[in-house]
Amino acid sequence: MHKQENNATSVWQQYRRGVDYLTEKQHFSRCDECFRFFSGDQWYGLKTAGERPPAYNIIRPIVEYKQAVVAQNGMSINYSTMNFGDKYAESMNVCERLNNHAIKTWERLKLEKGTWDLISDACIAGDSFAYFYDADGQIALDTVDTTNIFLSDEQEEDIQRQNYILIAQRLFVEEVKSMARENGISEDDISLILADEETAYQMGDASKTELSYPDEEGENGGKCVSILKLWKEDGTVHICRSTKQVIYQPDTAIDGMTLYPIAQYSWNREKGSARGVGEVWHKIPNQIEINKSLVRLLTGIKQYAFPHIVYDNAVLPKDAVTKLSSVGTHIGVNTNKMQKVSDTVQYLQPAQINPLAREIVSQMVTTTRELAGAGEAVTGQINPEQASGAAIIAVRDAAALPLNGQIAAFRQFVEDIARIWYDMWVAYHPNGMEVISENDGAEPAKETISAEELENLKIDVRVDVSPDNPYSKFAQEQCLQNLYTQKALTFEEYVKLLDDNAVAPKAKLQQVVDARKALAKKQAEAVLPTILSQLKVGSEQSAQGQADRTDTTSAEGAGQTADSSQSVHQAAPNTGQAIPQTDMAEG
């Protein structure tokens, strides 16, 4: 890619061009409105005399249900090698160490919770972005709102094919000035870094009002817009940082990095756009009509559903009228001509309210949720005591089929993160990367993966999905319990196969297993001397018996030899010569 000209003016112009485009598309106002309706501020801007109109917030349960369906799928990163041949075993060993390091990085960045927030933002606003950077040799993470990222091509869906990417940040002026001094920027240029109030493009109403912090000179020491620009030249990622008037981090090439360290998760793709559409925007008209119908219904109830008092003001004084609303009071009248009380005061019967007014609100709520795939049948209205875990999972999975696209996108999002991490490990560790290795039963130890091993590794990434929800756990534990009941598993094997977050108390069961092992070992150590003594005595007796049998056999053999010699003498011919005994023995 060709070299880009970067100065404060050009970077700021690119930023303003992106702001103008998204403003024309109503991107900023749409995102703010979506978050208001999700949070329940659905009468924003309405001026009333202090009375807050009611609302049925159907958007929040829809979003939270779909967020949970996607986020409950646990993702695990698995690196494997494409280096086949002689180096395959060595490369797989490196991949195993990278897998362990990826697990620790995921935990350190708190991505188990962070992914829920990213999915929630995407479900509401359409997109969420994860920006990774190096902090003292370790990967760090910043989540970026969709209103704070600007692309060179707003129609290109693949973020890695963008010519450049801009990330707008609100940073304290003193923090920016400090980074500028570290980068060797002159004091004259640093004096041009000033606070501003450009918060209109931040997402969320609360982010549009900031505190001001006076600095030592008494001037406004608040925040300013900082633009981080990323682009590629000859396949290498470059970065620079700029305010409106100053480039405070010049062009910096990150040798070895070939991927933008930004991962994008979009809820629903919009054809011809680099950005997605959330779950909220197209449901806002239904939500507004539900709220209006509810207000009309309640207003009609207030006006017509309660009886009104009609009285003769010539007969009832003002203080007597006031007593009509009190309990157990005495009311006097100024007449002696009244025959019946009803001639002076009466209650008008309330008017009948059309049942359709009630039904339309309930019907719109139910229909909107069902069309969104978040009706009562799929949001937990199942009695687990009356259905097996497998049956519950089947019902849930059938209802979650429309969300398979979002789950697949989430899986791709995690795969993009894994590729970015490997790219950063190669780029930021030219002298090798230190990792922690853990073997079963062994103390964790530090190991170093050499830079050559990292660079020569042809990596392949696979993301394994494991649903992590109560009913999946319930079905799994039922299966293990059945296998144990049928004696297909021992108690130790059953405990070992339980998940750490299983309903069954694995830790306590493991303590029972360990206690039994310790007791068995102690008993074995106690009886071992007795067993060894018995074995020794038995061995000595066996040896003595063998010796006795050997002596008896020798004696019997000697007697048989003597008898044979005597028989030979008796059977020899009368030649006057005897056969030598030694020759007979040898014969």
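Reading the values: the criteria
- Residues numbered from 1 in each chain as written.
- Predicted model: local features only at pLDDT ≥ 70, side-chain atom pairs only at ≥ 80, totals over all residues.
- Heavy atoms only, no water.
- Helix = DSSP H or I, 4+ residues; strand = E, 2+ residues; numbered from the N terminus.
- Contact = heavy atoms within 4.5 Å.
- Areas by Shrake-Rupley, 256 points an atom, 1.4 Å probe, with all protein chains shown as cover.
- Phe/Tyr/Trp six-rings, centres within 6.5 Å; stacked < 30°, edge-to-face > 60°.
- Buried < 20%, exposed > 50% of the residue type's maximum accessible area, 1.4 Å probe, protein only.
- Lys NZ or Arg CZ within 6 Å of the ring centre and 35° of its normal.
- Pairing = 2+ DSSP bridges.
- Axes fitted to C-alpha atoms, helices over the stretch in contact; angles between N-to-C directions.
- Core = buried A, V, L, I, M, F, W, Y, C linked by side-chain atoms within 4.5 Å.
- Expected span 1.5 Å × (residues − 1).
- Parallel < 35°, antiparallel > 145°, perpendicular 65-115°, else oblique.
- Nonpolar A, V, L, I, M, F, W, Y, C, P; charged D, E, K, R; others polar.
- Left-handed = near helix turned anticlockwise from the far one by under 90°.
- Patch = residues over 30% accessible without salt bridge, like charges linked within 9 Å, V, L, I, M, F, W, Y side chains within 5 Å.
- Salt bridge = Lys/Arg side-chain N within 4 Å of Asp/Glu carboxyl O.

For the protein chain, the helix and strand inventory stands at 17 helices and 16 strands. Within the protein chain, counting contacts between residues at least 6 apart in sequence, those at least 24 apart form 68% of the total. As displayed, the protein chain has an accessible area near 35,100 Å², and 51% of this comes from carbon and sulfur atoms.

Scanning all chains against the criterion turns up eleven aromatic pairs. Residues Phe84 and Tyr88 carry aromatic rings whose centres are separated by 5.9 Å and whose planes lie at 15° to one another, so their mutual orientation is stacked. Classification of Tyr88 as partly exposed rests on a relative accessible area of 35%. Taking 6.4 Å as the distance between ring centres and 70° as the angle between the ring planes, the aromatic pair formed by Trp106 and Trp421 counts as edge-to-face. Linking Trp106 in helix α4 (residues 88–108) with Trp421 in helix α12 (residues 404–428), this pair joins segments that are 315 residues apart in sequence. Each member of the pair Trp106 and Trp421 is classed as buried. Ring-pair connections join several aromatic residues into one group, and the members of that group are Tyr79, Trp106, Phe132, Trp421 and Trp425. Between Lys232 and the ring centre of Tyr260, over which it is positioned, the NZ or CZ distance is 4.6 Å.

Right, let's talk about the sheet that holds strand β8 (residues 247–253) for a bit. A sheet is described by the order of its strands in space; here five strands give the open sequence β4-β5-β6-β7-β8, paired in antiparallel fashion. In this open sheet, the two edge strands, each paired with only one partner strand, are β4 (149–151) and β8. Averaged over all pairs of adjacent strands, the angle between their axes in this sheet comes to 20°, without regard to strand direction. Note that strand β6 (residues 223–233) and strand β7 (residues 236–242) share seven bridges and pair antiparallel.

Spatially, the three strands line up as an open sheet ordered β3-β2-β9, and their pairing is antiparallel. Of all strands in the sheet, those with a lone pairing partner are β3 (138–144) and β9 (262–266), marking the two edges. Direction aside, neighbouring strands of the sheet carry axes that sit 20° apart on average. Summarising the sheet, strand β2 (residues 127–135) and β3 pair through seven bridges and their orientation is antiparallel. Paired with Phe132 across the two strands is Leu141, which belongs to β3. In the packing of α12 onto the sheet, contacts are made with β2, β3 and β9, and the angle to β9 comes to roughly 175°.

Attention now moves to the nonpolar core. The biggest cluster of nonpolar side chains holds 97 residues, and the ones touching the most others in it are Tyr15, Tyr79, Leu98 and Trp421. Considering each element in turn, this core owes the most residues, 13 residues, to α12. If we ignore the near neighbours within four places in the chain, the residues touching Tyr79 are Cys95, Leu98, Asn99, Ala102, Ala418, Trp421, Tyr422, Trp425, Ile459, Asp460 and Val461.

With that out of the way, let us pick up the pairing of β7. Among the seven residues that make up β7, six are buried, leaving the element largely enclosed by the rest of the structure. Hairpin geometry of β6 and β7 is characterised by an intervening segment of two residues between the two adjacent antiparallel strands and by a positive phi of about 55° at Asp234. Counting the residues in the hairpin turn of β7 and β8 gives four residues.

Attention now goes to the environment of Leu111. Along the chain, the position of Leu111 falls in helix α5 (residues 111–125). For the pair Leu111 and Leu141, spaced 30 residues apart in the sequence, the C-alpha separation amounts to 9.4 Å. Contacts of Leu111, omitting those with residues within four sequence positions, involve Trp106, Leu141 and Trp421.

Taking 1.5 Å of rise per residue, 21 residues should cover 30 Å, and α4 covers 30 Å from first to last C-alpha, within 8% of that figure. Following α4 by one or two positions, Lys110 adopts a phi angle in the positive range, close to 55°.

Looking now at the packing of α4 against α12. Where α4 contacts α12, the two axes come as close as 12 Å, and the packing angle between them is 110°. With respect to their mutual orientation, α4 and α12 come out roughly perpendicular. In this structure, α4 contributes Leu98, His101, Ala102, Thr105 and Trp106 to the contact, and α12 contributes Val414, Trp421, Tyr422 and Trp425. Across the contact of α4 with α12, the residue classes break down as seven nonpolar, two polar and no charged.

Their axes nearest at 9 Å, the elements helix α3 (residues 59–71) and α5 cross at an angle of 135°. Taken together, α3 and α5 sit at an angle that is classed as oblique. Handedness of the crossing formed by α3 with α5: right-handed. Contact residues: Val63, Gln67, Ala68, Val70 and Ala71 in α3; Trp116, Ile119, Ser120, Cys123 and Ile124 in α5. Classifying every residue of the contact of α3 with α5 gives eight nonpolar, two polar and no charged.

Phi at Asp136 is positive, roughly 55°, even though this residue is not glycine. Note on placement: Asp136 falls in the loop between β2 and β3. The backbone phi angle of Lys487 is positive, close to 60°, even though this residue is not glycine. Tracing the backbone through its elements, the reader meets Lys487 in the loop between α14 (470–485) and α15 (491–497).

Turning to a nonpolar patch on the surface, a few remarks are in order. A cluster of nonpolar residues, Val527, Leu528, Ile531, Leu532 and Leu535, forms a patch on the protein surface that exposes about 440 Å² of accessible area. On the basis of relative accessible area, Leu535 is assigned to the exposed category, the value being 55%.

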